[in-house]
Amino acid sequence: MGEALSKEAEASTEASAAAEVAVASRITGTGFSVPDRVVTNAHFESYLDTSDTWIRERTGIVERRWVGPEESASSLAEPAARTAIERAGLQAADIDGIIVATVTPDYAFPSTACMLQQRLGIDDALAFDVNAVCSGFVYALSTADAYIRAGMCRNVLVVGVDLYSRIINPNDRGTCILFGDGAGAVVLSAVAPEEQFAHGDTLIRGSVQTTAGIYSNLLGADGKHSSILCVPCGTANQPTAESMATDAHYLTMEGREVFKLAVRKLGEISLEMLERFDLPSEAVRYFISHQANERILLSMAKHIKVDAARIPMNLDRYGNTSAATIPILLAELDQDGKIDSGDLLMLNAFGGGVTWGAILLRW
Ligand SMILES: CC(C)(COP(=O)(O)OP(=O)(O)OC[C@H]1O[C@@H](n2cnc3c(N)ncnc32)[C@H](O)[C@@H]1OP(=O)(O)O)[C@@H](O)C(=O)NCCC(=O)NCCS
């Protein structure tokens, strides 16, 4: 009887210890998709006052991909999403949330998330878009993490997709050379408390609740800089025949200002995230950073004192695909077997708005 009671007491202590550990989330699958059409720097040399050398030296970009007229954000996102779902070992029907980060949606509405839902044949899931420009994927992934922790979803498809070829001014040499089209996707899944310590306890300062998964999110914005990178047409400023004739409906950017702010903010948020966990920068295997410009990333590396080898880049091949850069890079590293279970990764981004965000996670 006494023994039985003590076993019960033990079981209830274990149960309450497990109850203190909340549900967490981890990435279970990745995928990406880029258009077939390759646009090299020679394309711009052919009609603008620019050169392959200038573009490579000032940005690191060698080529990018642009969609054809029949493609859309949801059509480009579909194969990325299907790959992520398959690699997560799930069926489309297992997805109960779809969050798409994009500023180049198929339509003003319905959302690209709903268009993608239809393409994937998912009947029952919440679905919406997030607009945080180049920080969009980090915002979307943080949102999915919060929904999972709140018990609202178990498997969220998180997509970053953008088609900047549709919004750049082909005659503005300061912007048109920078951007490409692409889509990246992950499945973020709930990890039950009892699964979290299956691979050994690797708590950092006791504040981290899972051995694999998202540890912490840091998001921010400063709308007073909204005009330095924007597409100045919408319901506040509807395109007219006159604005179209003067290219006033295209993306505009104060490149130097964006550059300075991006370097400062990416450095600040990366250091703040490391400080939250008392981590040296060497503890992070990769900084999966928004791919805007090689010089921005090398300056960030200097600022946070990390070897540039730990800041992987693919912007030479894809340019800046806005919300898609981080999930494309993550999917490439994952599919190439370059991320090991247990690796700490930091995702960080800066974009129009201006917005910024960082996520620390263990793979
Ligand atoms: C756009 C960017 C590459 C320009 O590089 P930069 O070294 O800052 O160049 P500047 O803007 O200072 O311009 C220097 C000169 O190069 C010229 N220039 C700009 N684009 C050029 C191009 N494609 N080819 C040749 N010359 C170019 C400018 O007109 C300027 O000429 P000027 O001195 O006669 O006026 C750079 O500012 C940048 O990457 N900014 C951040 C962009 C970004 O990442 N945006 C997205 C953030 S999410």
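Relevant structure appears above.
This text gives an overview of the structure that appears in the document. (Residues numbered from 1 in each chain as written. Predicted model: local features only at pLDDT ≥ 70, side-chain atom pairs only at ≥ 80, totals over all residues. Heavy atoms only, no water.)

## Some points on the sheet that holds strand β11 (residues 286–289)
The strand order across the open sheet formed by 4 strands is β8-β13-β12-β11, and the pairing between neighbours is mixed. If you trace the sheet from one side to the other, it starts and ends with β8 (213–221) and β11, each paired once. Adjacent strand axes in the sheet meet at a mean angle of 15° when their direction is disregarded. Where β8 meets strand β13 (residues 355–362), 8 bridges bridge the pair, whose relative direction is antiparallel. When the sheet's bridge partners are listed, serine 216 is paired in β13 with leucine 360. (Pairing = 2+ DSSP bridges. Helix = DSSP H or I, 4+ residues; strand = E, 2+ residues; numbered from the N terminus. Axes fitted to C-alpha atoms, helices over the stretch in contact; angles between N-to-C directions.)

## Side note on the pairing of strand β12 (residues 344–351)
Counting buried residues in β12 gives 8 out of 8 residues, a clear majority hidden from the surface. Side chains Leu344, Met346, Asn348 and Phe350 of β12 all project onto a buried face; the interleaved residues Leu345, Leu347, Ala349 and Gly351 project onto the opposite face, where all are buried too. As judged from the 8 bridges shared by β12 and β13, these two strands associate in the antiparallel manner. Each bridged residue has a counterpart across the sheet, and for leucine 344 the counterpart in β13 is arginine 362. (Buried < 20%, exposed > 50% of the residue type's maximum accessible area, 1.4 Å probe, protein only.)

## Comments concerning the site of the ligand
The immediate surroundings of the ligand are formed by 22 residues, with Thr50, Arg58, Arg173, Arg256 and Asn293 found nearest. One of the backbone nitrogen or oxygen atoms of arginine 173 is found 2.9 Å away from a nitrogen atom of the ligand. For the ligand, whose unbound accessible area comes to 930 Å², protein coverage reaches 75%. For the shell around the ligand, the secondary structure elements donating two or more residues are α3 (52–59), α9 (255–276), α10 (294–304) and β12. Each residue belonging to the shell around the ligand can be placed in one class, and the counts come to 9 nonpolar, 8 polar and 5 charged. Split by domain, the residues of the shell around the ligand number at least three in each of domain 1 (24–194) and domain 2 (209–362). (Near = heavy atom within 4 Å. Polar contact = N/O pair within 3.5 Å; in protein donor to acceptor, adjacent residues only side chain to side chain. Areas by Shrake-Rupley, 256 points an atom, 1.4 Å probe, with all protein chains shown as cover. Nonpolar A, V, L, I, M, F, W, Y, C, P; charged D, E, K, R; others polar. Domains from an automatic or database assignment.)

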